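Examining the three-dimensional arrangement
These are the residues of each chain, in order.
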Amino acid sequence: MASGIKGRVLGVSLSIVIISWAASWTTNTAIAQTITVDAAPSHVANTFSPVRSLGAAIDRLRTGTPDHLLTDPVLKEILGAGWQTVTYRQNTELMVEAWHWNPNGTWSDAEKQQGYFVGNAEPTAEMICHSWAAPLPHRGFSRGDGNGWSRLTDGDLKSYWKSNPYLTKAFTGEPDSLHPQWIMIDLGSKVPVNAIRIAWAEPYATHYSVQFWTGELEPFYDGTTKGTWQTFPLGAITEGKGGTVTLKLVSWMIPVRYLRIWMTESSNTCDSHGSADKRNCAGYAINELYVGALSADGQFNDYVTHFPSRNQTVTWPSSVDPWHAASDMDESRGDQVGFDFFFTSGVTRGLPTMVPIAMLYSTPEDAANEIAYLYKRHYPISWIEMGEEADGQHMLPEDYGALYLQFATAIHRLVPEAKLGGPPFEGTFDDVEVWPDAAGKVSWLGRFVDYLKAHGRLNDFTFFSFEHYPYQDKPTYSWADLYPEPEYVRHIVQVWKDNGLPPNIPFFMTEGNIGGGAGPSTVKSALWLADYVGSMMTAGAGATYFFHYMPSPGRLNGFLLLDEKYNVTGYPPQYLATQVITKEWVQPVDAPHKLFNVSSDVTDAAGTLLVTAYAVDRPDGQWSVMLVNRDQHNDHAVKVVFNDPGTGRDRHFAGQVDRVTFGSAEYKWHSEEHGHPDAEGSPSRSGERGHADPDGPPSRSKVSGGAETFYQLPMASITVLRGAIRDR
């Protein structure tokens, strides 16, 4: 139960008086409760255009599916849900891949078709219908998305990890010590350690420290501020010579799980790709890592598992060199839909679109050419997102800032009017924190903003973006998990503001959904969606984008249910809820809607808020109130009062009021078999197969408004009340 909500939803004040009838047969006494609505003209919480602010996100698709999903009749069905603008997600960064947004371009080493690839900025008669990516051969991640593994513990002394050369003095203009690069090793559990063996590649570190983590929790996320990195007594190296070195770190044994190599000065010698390109001679590179116990007679007992798969000992790097070769391209890993196909398919509805650039594993020239290409094609672009989930890649904010400025400079050289922002953060409940800097500051966003300010470049940061997945890591969720959503939204937005988000910069939730467990067998995910959209827009978001927009044939947990032949087999709860939100609550027009705060004291005995409400003054002159009855067992009835706290004036719906409802009465799931595998051989996320009957549409009725009118809210439902208002 969400004890922190206590009958309050974002300070709303649309006065709705609610009457609840007890479910027990022993009484039918009506208990009056009030949801107060603030309709004062000066108290507008947010003004937005649904066409530009209520959208969906499109990510990399399975190879072979875009031609079916982005064409009719499937596309028509997808668009029929009502989401408007879209944001193009860039999955290759999460996979630690170099993205070829344009298959046509040039290699830095053209003869060998390798090096750093730059897509062609000049449009041709040939349309870009598909785009692919190359897993980076100098990867240092053992985890993350995709199926790649680290070259640091793969057992191959010919492979190596290398850091991103764009984080060195040659490109940042700053001493390398201001952008330390690091490798972290996770041994899996605490073991007695006194030595490390490093097989350096070129370039190697001449100044570095070997450190261990003092905390009990992992050094990322939950444990970030609950421990420190402490240098081993003999772990500070100031005259590194490269080669394979075995370092005794301490004269006794220290129980250690996490170790870190913190590198601050490079040899600037050239890697295996030669000296013709200065990027080959900047940063740090390591062939293989060994950690363990060194005996008095020099015998080294290695605790590391060396294997070219995810069965290896886990490592995490600060960055990865985007160097790769044509032979690394892998079209089987998914299709980042080609830009020309994307913009001409109709999925954007011709509306301005937020597009990304690859930044963590790309080059400034490639990103600039991408944006120049899109502008030369005259595609409508709203915003440009710089990279993808740098926090999820554990990149320090100063490193992200250094890349951000280089890429911004290159983009603005070709397209001065381009509006840039980011990072975007991966879904989080709370602040994104990193290891403290010299001043003890841990806020990722705060330090990024500080970096831009220190370089006089805050004007290059025109919007802030983040993702929202409250239950991403849960395989399922209970009904009680619905209740905290408005408070989650309010809290995280306040966190960003407290961390120094400039007040004049808009913020966008560019990708989100409830997370795991959003199968078709319950309307829970639909109610969550209405609460989330209402809460996020009330908190002041410039736009919010629904994820999982593109369905997956044969899967039961998609936005739209399709069979293997791309025939529609059902409309899941979130699809139907989207129609209520985008076509009933608001008008699907590019015109301002004024959103007002709504509060509620409709609670259960524990103080848990059961009914939330979100009110808009629409451009057609009607007021529209979306009410979410999160009580899965009881109906409620409401009186609606629009109150101006400044004047004390109360108004009410008058005349005919449109009432649109979607909930457990309009959608009923009928199970067929539990635990049956889906079309891809995995159990469906809902844990069962079956079908819905009915599966919509939302019910419609008209009621007569007035000061004494009660509006019925069925259990587990979303209801929109819409009409004109006047004084009592």
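Residues numbered from 1 in each chain as written. Predicted model: local features only at pLDDT ≥ 70, side-chain atom pairs only at ≥ 80, totals over all residues. Heavy atoms only, no water.

Our next topic: the state of the cysteines. Scanning all chains against the criterion turns up 1 disulfide. The residue that forms a disulfide with cysteine 270 is cysteine 281, at a sulfur-sulfur distance of 2.0 Å. Disulfide cysteine 270-cysteine 281: torsion about the S-S bond near 100 degrees, hence right-handed. Within this pair, whereas cysteine 270 is found in the loop between strand E17 (254-266) and strand E18 (285-294), its partner cysteine 281 is found in the loop between E17 and E18, the two being separated by 11 residues in sequence. (Disulfide = S-S within 2.5 Å. Helix = DSSP H or I, 4+ residues; strand = E, 2+ residues; numbered from the N terminus.)

Right, let's get into the sheet that holds strand E21 (residues 324-325). With antiparallel pairing, 3 strands are arranged side by side in an open sheet as E8-E9-E21. Looking at the sheet topology across the chains shown, the edges are occupied by strand E8 (105-109) and E21. (Pairing = 2+ DSSP bridges.)

Here the structure, examined in full by the defined rule, presents 27 salt bridges. For arginine 490, the salt bridge identified is with glutamate 487, shortest N-O distance 2.7 Å. Note that arginine 490 and glutamate 487 are positioned in helix H9 (residues 485-498) at a spacing of 3 residues, about one turn of the helix. Beyond isolated ion pairs, a larger network of salt bridges with shared partners links Arg89, Glu385, Glu388, Glu467 and Glu511. (Salt bridge = Lys/Arg side-chain N within 4 Å of Asp/Glu carboxyl O.)

Moving on to the sheet that holds strand E14 (residues 205-213). Strand order in the open sheet formed by 5 strands is E15-E14-E17-E12-E20, with antiparallel pairing between adjacent strands. Across the chains shown, the open sheet's two edge strands, defined by having one partner strand only, are strand E15 (229-237) and strand E20 (314-317). Mean inter-strand twist for the sheet, computed between neighbouring axes without regard to direction, equals 25 degrees. Bridge count between E14 and E17: 7 bridges; the pairing is antiparallel. Bridged to serine 209 within E17 is tryptophan 262. (Axes fitted to C-alpha atoms, helices over the stretch in contact; angles between N-to-C directions.)

As a general rule, the predicted coordinates of low-pLDDT regions are not to be interpreted in detail. Overall, the predicted model of the chain reaches an average pLDDT of 91, with 93% of residues at or above 70. Long-range and interchain partners of residues 1-30, a stretch whose pLDDT sits below 50, account for 120 contacts in this model, where long-range means more than four residues apart. Within the model, pLDDT remains below 50 along residues 675-687, and this stretch shows 29 contacts once partners closer than five positions in the same chain are excluded. (pLDDT = per-residue confidence, 0-100. Contact = heavy atoms within 4.5 Å.)

Structurally, glutamate 97 can be placed in strand E7 (residues 97-100). Distance from glutamate 97 to leucine 136, taken between C-alpha atoms, is 5.3 Å for residues 39 residues apart in sequence. Side chain to side chain, glutamate 97 and arginine 60 meet in a polar contact 3.0 Å long. Within the structure, the side chain of glutamate 97 is placed 2.4 Å from the side chain of arginine 333, a separation counted as a polar contact. (Polar contact = N/O pair within 3.5 Å; in protein donor to acceptor, adjacent residues only side chain to side chain.)

What follows deals with helix H8 (residues 444-454). Of all 11 residues that make up H8, 8 are buried, and the element is covered over most of its length. Within H8 the residues assigned to the buried category are Trp444, Leu445, Gly446, Arg447, Phe448, Val449, Tyr451 and Leu452. Buried residues belonging to H8 abut helix H7 (397-414), strand E24 (420-425), strand E25 (463-468) and H9. One side-chain oxygen of the residue at the start of H8 lies 2.9 Å from the amide nitrogen of glycine 446, identifying that residue as serine 443. Backbone geometry just downstream of H8 places glycine 456 in the positive-phi region, at approximately 65 degrees. (Buried < 20%, exposed > 50% of the residue type's maximum accessible area, 1.4 Å probe, protein only.)

Cis geometry marks the peptide bond from aspartate 72 to proline 73; its omega dihedral reads 10 degrees. When you line up the elements, proline 73 lands in the loop between helix H2 (66-69) and helix H3 (74-79). Cis geometry is adopted by the peptide bond preceding proline 423, which originates at glycine 422 and carries an omega value of 20 degrees. Looking at where proline 423 falls in the secondary structure, it is placed in strand E24. One non-glycine residue with positive phi stands out, namely asparagine 268, at about 55 degrees. Inspection of the secondary structure assignment puts asparagine 268 in the loop between E17 and E18. Even without being a glycine, histidine 378 presents a positive backbone phi close to 65 degrees. Considering the arrangement of structural elements, one finds histidine 378 in the loop between helix H6 (364-376) and strand E23 (381-386).

Here H6 crosses H7 at 40 degrees, and the two axes come no closer than 8 Å. You can see that H6 and H7 cross each other, and the crossing is right-handed. Contact residues: H6 offers Pro364, Ala367, Ala368, Asn369, Ile371 and Ala372, while H7 offers Gln406, Phe407, Ala410, Ile411 and Leu414. When the residues that make up the contact of H6 with H7 are grouped by side-chain class, the tally is 9 nonpolar, 2 polar and no charged. (Left-handed = near helix turned anticlockwise from the far one by under 90°. Nonpolar A, V, L, I, M, F, W, Y, C, P; charged D, E, K, R; others polar.)

What follows deals with the pairing of strand E5 (residues 54-58). Here E5 lies mainly inside the structure; 5 of its 5 residues are buried. With burial as the criterion, each face of E5 is covered, one bearing Leu54, Ala56 and Ile58 and the other bearing Gly55 and Ala57. Bridge analysis of E5 against strand E27 (residues 543-546) gives 3 bridges, and the strand direction is parallel. Its bridge partner being in E27, alanine 56 is matched across the sheet by phenylalanine 546. Note: E5 against strand E6 (residues 86-88), 3 bridges, orientation parallel.

We now examine H6. The terminal C-alpha atoms of H6 lie 18 Å apart, and with 13 residues this matches the ideal 18 Å at 1.5 Å per residue to within 8%. In terms of burial, H6 is largely enclosed, as 10 of its 13 residues are buried. Every buried residue of H6 is listed here: Pro364, Asp366, Ala367, Ala368, Asn369, Glu370, Ile371, Ala372, Tyr373 and Leu374. Backbone geometry just downstream of H6 places histidine 378 in the positive-phi region, at approximately 65 degrees. (Expected span 1.5 Å × (residues − 1).)

Formed by 193 residues in total, the largest nonpolar core has its most connected members in Met386, Tyr549 and Trp585. Residues contacting tyrosine 549, with those up to four places away along its chain left out, are Ala56, Ala57, Ile58, Ile78, Leu79, Trp83, Val86, Val347 and Phe559. Counting residues in hydrophobic clusters, the runner-up holds 9 residues, among them Ala57, Tyr469, Phe508 and Phe547. (Core = buried A, V, L, I, M, F, W, Y, C linked by side-chain atoms within 4.5 Å.)

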